[in-house]
Amino acid sequence: MTFEFPRLGASMMAARKAAFSAQVRPGPFDHSWFAAQDLRVTAEDLHKARTTLVDSIVDRLATYPDGTGAGYCLLNGLAAQMPVEAVRELSVTLFTEVWSQYRFRCDRIAQDRDFYMVKTLSADGKIPVGLYGSPWSFKTPHADRNGVLFVHVYGPHVGFNGGEVLLIDALAYTQSHGFTFDEVMTWSDDPGDQKPVLRTRHVEAALEGYGRQFGQLTPDAILFVNNGPEGLLHGATELQIGDESTFSRTLHRVVVRERALASAV
Ligand SMILES: [Fe+2]
């Protein structure tokens, strides 16, 4: 079964619920495969073998034949090649190429639909209020409401421990255990648009069997994530702030959304 890719917004939420109750996964969850979606890149990969690199990233984000995906790609090995500003710029240009290729493969997204990218840089670990209308910094694993794909560059980090990045295939966890969406997921209670959130009692088991904890990611890495209806949840472990005067948790982020829903996360 495949879905037409939903018009993002209210129907995205319906599509997430539908994905949890449909047998859309191509096969059983493979944890060792899931935990090894890293690509260590060289200068040659970035220049001479660029098309191959982009294809390799999209392979990890999208499942044939229709772009359905529960994947991510952690590109690393960048710190030895360039400064943090260049890593962020690279994340934008690569993400643009990845989105184009993803869309080409994802034949359930009609070509006349209008998607756009939003780029943000925050230094306090919070979601920018002006952009999203909510001050929440999500730690509990969740899906963003309207993003299709996103890319993060974390750090440099100063003055804290924790904040380790998590990704969870909650759909695989739910289907493997015969749970329903409502048994495993709930909705955020922030004042803006709600997001699907993993219920606290399921976080540990879902992370252990169907997720990955990355540690504190640094500008050595670029993390691409599929946030579509069958995509992954993301979150972070609690922060322990050692020195509030120097605390800085920097996140550079680009997300692709549909134009008609510019106000929602
Ligand atoms: Fe988020």
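Computed from a predicted structure; not experimentally measured.

Draft legend 1. Highlighting unusual backbone geometry. Following Gly155, the chain continues to Pro156 via a peptide bond in cis, the omega torsion being 5 degrees. With respect to the helices and strands, the residue Pro156 is situated in strand E4 (residues 149-158).

Draft legend 2. Expanded view of helix H5 (residues 84-105). For H5, which comprises 22 residues, the first-to-last C-alpha distance of 31 Å matches the rise-based estimate of 32 Å (1.5 Å per residue) to within 8%. Where H5 is concerned, the buried positions are Val87, Arg88, Ser91, Leu94, Phe95, Val98, Trp99, Tyr102 and Arg103. Along the axis of H5, the buried positions cluster into a sector of 165 degrees, meaning they face one direction only. What points out from H5, more than 90 degrees from its buried face, is the exposed set Glu85, Ala86, Thr93 and Ser100. Where H5 is buried, its residues contact helix H4 (50-61), E4, strand E10 (221-226) and strand E13 (248-258).

Draft legend 3. Looking closely at the sheet that holds strand E6 (residues 165-168). Pairing within the open sheet is antiparallel, and its 3 strands lie in the order E9-E6-E11. Unpaired on one side and paired on the other, strand E9 (211-213) and strand E11 (233-236) mark the two borders of the sheet. Going from strand to strand, the sheet's axes swing by 15 degrees on average, the running direction of each strand aside. Bridge count between E6 and E9: 3 bridges; the pairing is antiparallel. From the neighbouring strand, Ile168 faces E9, where its bridge partner is Gly211.

Draft legend 4. Fine view of the packing of helix H7 (residues 170-177) against helix H9 (residues 200-210). Taken N-terminus to C-terminus, the directions of H7 and H9 make an angle of 100 degrees; their axes are 9 Å apart at the nearest point. The pairing of H7 with H9 is recorded here as roughly perpendicular in orientation. On H9, the residues that touch Ala170, Ala172 and Tyr173 of H7 are Ala206, Gly209 and Tyr210. Its residues placed into classes, the contact of H7 with H9 shows 5 nonpolar, 1 polar and no charged.

Quick notes on the rules
Residues numbered from 1 in each chain as written. Predicted model: local features only at pLDDT ≥ 70, side-chain atom pairs only at ≥ 80, totals over all residues. Helix = DSSP H or I, 4+ residues; strand = E, 2+ residues; numbered from the N terminus. Expected span 1.5 Å × (residues − 1). Buried ≥ 20, exposed ≤ 12 C-beta atoms within 10 Å, placed from the backbone. Arc of directions from axis to C-beta. Contact = placed C-beta atoms within 7 Å. Pairing = 2+ DSSP bridges. Axes fitted to C-alpha atoms, helices over the stretch in contact; angles between N-to-C directions. Parallel < 35°, antiparallel > 145°, perpendicular 65-115°, else oblique. Nonpolar A, V, L, I, M, F, W, Y, C, P; charged D, E, K, R; others polar.

Limitation: the analysis is restricted to geometry and does not speak to function.
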